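Summary of the model geometry
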Amino acid sequence: MTALMTQETLVNSKSPISKESKFLYSPSTLEPEEFDNYIQQEYGAFWGTLKFENSLNNYSNEARPFLYVDDSIDLDALQYFMINEWKLQPANIVIPVLSGVTNNKPFKSLKTTETLKNGIKNAANASEVWFITNGLTTGVPQLIGDAFRDEISMRREDDAWTIKMKREPKKRKTLILIGIVCSDEIKDILDFKTAKDKSKMEVKVPRRKRHKLSLNSDHTHFIIIREKPIGMNSNNNFEIKPPVSNMGEKQLEKLIDSAESATNRFRDRFEDFLYQRISQQQLPAATIIPPATPDGNATATSEEPNQWSKNGFPMVCIFVRGTPGTIELLYRKIQQEVPVVILKGTGSAADIIAFAYEEISAKNYKEYEDSYLKVELSRRLLEEYSALKDNNVKRNEICDYIIYIVKKADQDKRKFLTFVDVNSTTSSLNYFHKYILSALLQSQKKAMEIKENFQLEENLRLTLDWNLPDLALSEIFQHDDMKYSIPTDLFDKAVLGKKLEPFVDLFLDQEFFLHRYLTSDKLVCLFNEAEDREFFTTTSLEGILGLTRDEEKVPQDFVEHGLNIIIKRLTRIDYFFRRREMDCYAIGVYFGQTSDKEIQRQRIRAEKKALRCLIIYAVLMNRHELAMILWKRSTEPIQMALICYMMFKNLAFYYRGSVERVLIEKQAK
């Protein structure tokens, strides 16, 4: 329900939710209509969509959902609204952006801007990520918005081509860019009064005027907060009041960029709400850590934790340029043990903090701090922010904030500050997502027992989502006391995922036992759930077995009644796959004598066979890199190389197109 209610309506509403009853209910216990009435009465909330004017002076751009509400809103109620009205799914990681509004400057080169945008797109595509900014068309929020716009445009073009070729569009991560802004900061461009009596609210946002702040149309969601509440216990008027006087540049900076501005106060509270539960290292009640089998493989669980309400979100902040106010916000993040990535070379506060960190790291003693560092910090602050000249108390306070930040940056084998020099090598910004995830992993406190397993699994899922096997190796598996069983669903993802083959190699290094994993049903599942089945369908199903495309999935008896026929045609080997044998190995049933030595020999034999089967799967799916990684682990490299060569050579015959045939024959060599 999207609705707007005047103050009179709010106060006189005959809704079942009264002043007294608001303490008796949690938002999740209310019916949707009751909840709508509740937040309208208590927090003067209304919501709908924003329509942005484009360059053609019309409002044909895609509408963006917004919520306009008192800044005192209960955050559990806000969370419930975001789940039920906006349908937001849980984030794997939340990335707030700390940057000033009034002192932004473009990057020195266009190449730096473009590579940073690529890094942001890599992060957005890697996992379910929420970016949180001030929502304005200025500085880094605008740059992230530009990156999202480019990504959306690319997706639409790719989907249009895919549909034209009569294929299913790719499943992609949802792009979430949340702008949080106080209504006082955008009062000149938004007029909520014109939509006052509409049941479904649509607010038009005109194009940005010179020297005026404006909302960035590339953000996906907006939370517009009202500093002066109009909820049930307020006597304020509904309309936004005009300012009492014109604001100069210094006053504007104080209002918008101050840590105590309405926007920053609310953001600090909201972001702490998202992060606080994860920082307490609590496990969700519904989470069950999969037990390991006797051979070390963990079994997957079907029960998913409700991460929204139970578990909180991992968080990493991005700090760019900044003001005295954002330095104070950074100080609060470090107090809360939130990791921060600082873009060194962007100027202002970011470079001052980078300087202090380098100095403290080089000379960590009290006399140096008092005799030189504080003096030099004061000089640099005055040089950057002339308004501090007549405010010694504030200047000293900011110096203390900076020293606290850099001293707490590294503690107890944990790291809370990561510096990325935008001027040293622009190519590194392409891997900006790697800095984000690395900062998260390096900041974590080591948990105990079951919590440690849960934390490791979540970290491993993130590195898999973000396709960073080197980070998984350096930050997760490089611990002498680390014993962790890889869940089967993670191995599934590594085998099936595009360009995730290095994770297969990494997991096998962690003693993941293939023969306990590869049942006949699992092999069928791998064929059916592969992202790209075109090669397999054309060559094996249609070419060799003579099947049609009407059957989307191979049947459960495919291993013995279809797969063996394919292998026989390609290699002349009979009964390569034995279903009963595979299933017995998977449950730990081995054939032969029962002595410990014989059982160990049978396990080694079972592992060899499972490896062969997975290599054959990789060849049939035209997964050359996966086949190579698995082949290098074979104890029969020459025999398996010959089998793979014959298979690729003969599969090329069934593939249409001379160019494709040449490529397949080249892979065979």
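The preceding data block contains the structure.
I will try to describe carefully the structure that is included in this document. (Residues numbered from 1 in each chain as written. Predicted model: local features only at pLDDT ≥ 70, side-chain atom pairs only at ≥ 80, totals over all residues. Heavy atoms only, no water.)

**Section: the overall build of the protein chain**
Helix and strand counts for the protein chain come out as 25 helices and 12 strands. Each of the 669 residues in the protein chain was classed as buried or not, and the buried ones make up 52%. Within the protein chain, residue pairs in contact and separated by at least 24 positions form 74% of the contacts whose partners lie at least 6 positions apart. Looking at the protein chain as shown, the accessible area adds up to about 32800 Å², and 49% of this sits on carbon and sulfur atoms. (Helix = DSSP H or I, 4+ residues; strand = E, 2+ residues; numbered from the N terminus. Buried < 20%, exposed > 50% of the residue type's maximum accessible area, 1.4 Å probe, protein only. Contact = heavy atoms within 4.5 Å. Areas by Shrake-Rupley, 256 points an atom, 1.4 Å probe, with all protein chains shown as cover.)

**What about the environment of S474?**
Inspection of the secondary structure assignment puts S474 in helix α15 (residues 469-477). With 36 residues separating them along the chain, S474 and S438 place their C-alpha atoms 9.6 Å apart. A polar atom in the side chain of S474 sits 3.4 Å from the backbone oxygen of L471. (Polar contact = N/O pair within 3.5 Å; in protein donor to acceptor, adjacent residues only side chain to side chain.)

**Observations regarding the sheet that holds strand β7 (residues 221-226)**
Sheets are built from strands that pair by backbone hydrogen bonding, the pairs being arranged parallel or antiparallel. Strand order in the open sheet formed by 10 strands is β6-β1-β2-β7-β5-β4-β3-β8-β9-β12, with mixed pairing between adjacent strands. At either margin of the open sheet sits one strand with a lone partner, and together these are β6 (201-205) and β12 (417-421). Each strand axis lies, on average, 25° off the axis of its neighbour in the sheet, ignoring direction. Across five bridges, the pairing between strand β5 (residues 176-182) and β7 is parallel. (Pairing = 2+ DSSP bridges. Axes fitted to C-alpha atoms, helices over the stretch in contact; angles between N-to-C directions.)

**A short note on the pattern of salt bridges**
Tallying each qualifying case throughout the model produces 39 salt bridges. Via salt bridges that share partners, E260, R267, D268, E271, E328, R332, K333, K394 and E397 belong to a single interconnected network. (Salt bridge = Lys/Arg side-chain N within 4 Å of Asp/Glu carboxyl O.)

**Describing the side chain of T115**
The topology assignment puts T115 in helix α4 (residues 110-126). Exposure remark for T115: the relative accessible area of 8% places this residue in the buried category. A polar atom in the side chain of T115 sits 3.0 Å from the backbone oxygen of T112.

**So, the packing of α4 against helix α5 (residues 139-164)**
Following both chains from N to C, one finds α4 and α5 inclined at 65°, their axes separated by 9 Å at the closest point. Considering the relative orientation of α4 and α5, their crossing is right-handed. Facing α4, whose interface residues are T113, L116, K117, I120, K121, A124 and N125, α5 presents L143, I144, D146, A147, F148, D150, E151 and R155. Across the contact of α4 with α5, the residue classes break down as seven nonpolar, two polar and six charged. (Left-handed = near helix turned anticlockwise from the far one by under 90°. Nonpolar A, V, L, I, M, F, W, Y, C, P; charged D, E, K, R; others polar.)

**Brief notes about the pairing of strand β9 (residues 340-344)**
Most of β9 is tucked away: four of the five residues are buried. Here strand β8 (residues 317-320) runs beside β9; their pairing, made up of three bridges, is parallel. Bridging from a neighbouring strand, F319 pairs with I342 of β9. Viewed along the sheet, the connection from β8 through helix α9 (residues 324-335) into β9 turns out right-handed. As paired elements, β9 and β12 share five bridges and run parallel to each other. Within β12, the residue paired with I342 across the bridge is F419. (Right-handed = clockwise from strand over helix to strand, strands pointing away.)

**A short note on the packing of aromatic side chains**
Here the structure, examined in full by the defined rule, presents 26 aromatic pairs. Summarising the aromatic geometry, the rings of F46 and Y68 are spaced 5.1 Å apart at their centres and angled 90° between planes, so their arrangement reads as edge-to-face. One end of the pair, F46, is in strand β1 (residues 46-52); the other, Y68, is in strand β2 (residues 64-70), and 22 residues separate them in sequence. Both residues of the pair, F46 and Y68, count as buried. Put simply, the rings of F491, F503, F507, F512 and Y517 touch in pairs and so form one group of aromatic residues. The positively charged end of R226 is found above the aromatic ring belonging to Y68, 4.2 Å away from the centroid. (Phe/Tyr/Trp six-rings, centres within 6.5 Å; stacked < 30°, edge-to-face > 60°. Lys NZ or Arg CZ within 6 Å of the ring centre and 35° of its normal.)

**Focus: helix α21 (residues 579-586)**
Within the span of α21, buried status applies to E581, M582, C584, Y585 and A586. Buried-residue contacts for α21 involve α18 (520-529), α20 (558-571) and α22 (596-620). Two residues or fewer after α21 comes G588, characterised by a positive phi angle close to 85°.

**What to know about the side chain of D146**
When you line up the elements, D146 lands in helix α5. Residue D146 is classed as buried on the basis of its relative accessible area, which comes to 18%. With near-sequence residues (within four places) excluded, D146 lies in contact with K117 and D218.

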